[in-house]
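Results of the structural survey
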Amino acid sequence: MKNSLIILLCFLAVSCKEDAENDDLAGTIQFVKRETPVWQGQWTAADPSVIRDGDTLRLYYSSYILDTNEKLVIAGAKSVDGIHWIPAKNNSGESIALDANPGQWDNHLEAISVIQDGDGLSMYYCGYAVEADVGGTIVAKGQIGLARSTDKINFVRNAATPILSLGSANQRDANALFSPTVIKEGDTYYMLYVGYCIENCSPAFIGILGATSTDGINWQKRQEPVIAGVDFDLSWAKVIKEPAIVKGPDNMYYLFISGDETIGVARSKDIFGPYEVFPQPVLKKEYSWESTASIAPAVLIENGKARMWYMGVDASDTGADFVIGYGEADFPFNW
C-alpha cells in the first residue's frame, strides 16, 4: 500500500510538472519578423495579397504612382522565396496590375484580395472616387469591384460598376466597404469585408461583414456582422479591420485581423463564425519602418509554417511611408 502511494505521488508530481511546463508553453503564438522590409515598391507598398502559383509567389499591393496625375493603383511583384521580390513585368518601375479609373467610382484603388479562379485570377479590390478629407468625410466612400486576369500580371475590370455597393442609410456599410478577403469553397464564394457606418449612423459601426456568391460576380450580403471589436474585450483591438482569411490543413478557418496598431488572429470551424479570438496580438510593431503600425496581413499556411506579409506604417506630421514586411510562425499554432 505504501509503495502504491509513493508511485501514485510520483506520478502526480510528474504529471503536475508536465502540466506546468505545458501551461508555460500554452497560448504563445508569435510571428518572427525580418528586421527590414521585403518590398517597398517604387514609392510605396501597402495592403498585400499573396498567392502561390506553382514555384512562384505573386504579390499584389496598393501602390502610389506619381506622374502627371497622382494616383493609387494596384501593382504586382513576384518571388521564389517570398523574401526577394522583383516587379511582375521585369521592369524597373512599378508593374501596374490594375490602373486607376479617372473620373469613376474607382478613381483610387487599394485593399485587394486575389484568388485563383478557374484558369486565371480574380482580384477583389476597393475603389473610391475621392479620398477622405479631415475637414469633410471621415472615411472615403469605398466600394468593392472585380477584375480578372488570364496572364496573372494584367487585370481587366469585370464591369463598370461595383459588385458590392454602399448600403442604405444606417446600414453597417452605409459609409464605406473596404478590405475584402475572399475564399472559395466548392461552388460558393465567401467574402469578408470591413463595413463602416460612422457618419450619420446610430449606432456607429466598424467591423467585419460577410457576403456569398455562386459566380463571384453577384453577391448577397449577410445581415449580421461576422466579428467586431466591440464583441471582445481586447486592449489591442478596439476596432477590428483588414481581415485575411485562410483555411488551415486542420480544416479550421483562420482569420487574421488588424487591431489598432498590431495584428491578431481568430479561428472558427465556419467561415462566418462564431470566431474565437486569440487574446494577444501575434505580430507587433518593432522597427522604425513600422513605428506607427504593423497591419493589413496576408497569410499562406504551407510546409508547417504560417507565412505573413503585412504593411508597416511610419507616419509623421508630413506624411506616411508604407512598406511590406514579413514574418512567420510554426503551424499548428500553440493556441
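Each chain has its residues counted from 1, following the order in which its sequence is written. Given that this is a predicted model, residues contribute local features only at a pLDDT of at least 70 and side-chain atom pairs are listed and counted only at 80 or more, while totals for whole chains, interfaces and linings are drawn from all residues. Excluding hydrogens and water, the side-chain values take into account all heavy atoms of the structure.

1. Some thoughts on the sheet that holds strand 16 (residues 241-247)
By this definition, two strands are paired if DSSP reports at least two bridges between them. Working definition: helices are DSSP H or I runs of at least four residues, strands are E runs of at least two. Numbering for both runs from the N terminus. As summarised here, the arrangement of the 4 strands in space is 16-17-18-19, forming an open sheet in which the pairing is antiparallel. For this open sheet the edge positions go to strand 16 and strand 19 (276-277), each flanked by a neighbour on one side alone. Note: strand 16 against strand 17 (residues 253-258), 5 bridges, orientation antiparallel. Bridged to Val 246 within strand 17 is Tyr 254.

2. Let's talk about the pairing of strand 7 (residues 108-117)
Of all 10 residues in strand 7, 9 are buried; the element is thus mostly enclosed. Direction of pairing for strand 7 relative to strand 8 (residues 120-128): antiparallel, over a ladder of 8 bridges. If you follow Val 114 over to strand 8, its bridge partner there is Met 123. If you look at the hairpin formed by strand 7 and strand 8, you'll find 2 residues sitting between the two strands, and Gly 118 has a positive phi there, around 65 degrees. With a 1.4 Å probe rolled over the protein chains alone, any residue whose accessible area is under 20% of its type maximum counts as buried; one over 50% counts as exposed, and the rest are partly exposed.

3. Topic: the pattern of salt bridges
Between Lys or Arg on one side and Asp or Glu on the other, a salt bridge is scored when a side-chain nitrogen of the former is within 4 Å of a carboxyl oxygen of the latter. Evaluation of the coordinates by the stated rule reveals 15 salt bridges. One salt bridge in this structure joins Glu 290 and Lys 33, with 2.5 Å as the shortest N-O distance. Of this pair, Glu 290 sits in the loop between strand 19 and strand 20 (293-302) while Lys 33 sits in strand 1 (residues 32-33); the two residues are 257 residues apart in sequence, bridging distant segments of the chain. Among the salt bridges present, the one from Lys 152 reaches Asp 53, with a minimum N-O distance of 2.7 Å. Highlighted residues: Lys 152 in the loop between strand 9 (143-149) and strand 10 (156-157) and Asp 53 in strand 2 (residues 46-53), separated in sequence by 99 residues. Look at Lys 152 and you get buried, because its relative accessible area is 17%.

4. Here we look at the state of the cysteines
Structurally, a disulfide amounts to a covalent bond that connects the sulfur atoms of two cysteines. In what follows, a disulfide is any cysteine sulfur pair within 2.5 Å. Applying the stated criterion across every chain, the model contains 1 disulfide. In this structure Cys 126 is a free cysteine whose sulfur lies 16 Å from that of Cys 197, the closest cysteine sulfur available.

5. Here's the deal with the environment of Glu 276
Looking at where Glu 276 falls in the secondary structure, it is placed in strand 19. For Glu 276, a relative accessible area of 38% corresponds to the partly exposed category. Sequence-wise, Glu 276 and Phe 232 are 44 residues apart; in three dimensions their C-alpha atoms are separated by 9.5 Å. By definition, residues are in contact when any of their heavy atoms lie within 4.5 Å. In this structure, Glu 276 is in contact with Val 265, Ala 266, Arg 267 and Trp 335, ignoring residues within four places of it in sequence. As used in this structure description, the phrase polar contact means that two N or O atoms lie within 3.5 Å; if the pair is within protein, one of them must be able to donate a hydrogen and the other to accept it, and residues adjacent in sequence are counted only when both atoms belong to side chains. Polar contacts involving the side chain of Glu 276 include one to the side chain of Trp 335, which spans 2.9 Å.

6. Re the nonpolar core
Of all hydrophobic cores here, the largest spans 29 residues; its most connected members are Ile 208, Ile 227 and Leu 255. Elements that contribute at least two residues to this core include exactly strand 8, strand 11 (176-185), strand 12 (188-197) and strand 17. Ignoring any residue separated from it by four or fewer positions in sequence, one finds Leu 255 in contact with Leu 192, Ile 208, Ile 227, Pro 243, Ala 244, Ile 245, Gly 264, Val 265, Ala 266 and Tyr 275. Remark: nonpolar core denotes a set of buried residues (Ala, Val, Leu, Ile, Met, Phe, Trp, Tyr, Cys) joined through side-chain atoms within 4.5 Å.

7. A short note on the confidence of the model for the chain
For residues with low pLDDT, the predicted coordinates do not support detailed interpretation. Model confidence for the chain is summarised by a mean pLDDT of 91, while 90% of its residues fall at 70 or above. This model gives residues 1-25 a pLDDT under 50, and the stretch forms 1 contact once residues within four places in sequence are excluded. A residue's pLDDT is the predictor's confidence in that residue, given on a scale from 0 to 100.

8. Some words on the packing of aromatic side chains
Between 30 and 60 degrees the pair is tilted, below 30 it is stacked and above 60 it is edge-to-face, where a pair is any two Phe, Tyr or Trp rings, Trp via its six-membered ring, whose centres lie within 6.5 Å. Evaluation of the coordinates by the stated rule reveals 18 aromatic pairs. Aromatic side chains Trp 105 and Tyr 125 sit 5.8 Å apart centroid to centroid with 15 degrees between the ring planes, which places their arrangement in the stacked category. With Trp 105 in the loop between strand 6 (96-98) and strand 7 and Tyr 125 in strand 8, this residue pair connects regions lying 20 residues apart in the sequence. When sorted by exposure, Trp 105 lands in the same class as Tyr 125, which is buried. Measuring from centroid to centroid gives 5.8 Å for Tyr 128 and Phe 178, while their planes differ by 45 degrees, and the two rings are tilted. With Tyr 128 in strand 8 and Phe 178 in strand 11, this residue pair connects regions lying 50 residues apart in the sequence. Grouping aromatic residues by their ring pairs yields a cluster made of Phe 31, Tyr 254, Phe 256, Phe 331 and Phe 333. Our definition puts a charge over a ring when NZ of Lys or CZ of Arg is within 6 Å of the ring centre and also within 35 degrees of the ring normal. Against the face of Phe 205 rests Arg 172, its NZ or CZ located 5.8 Å from the ring centre.

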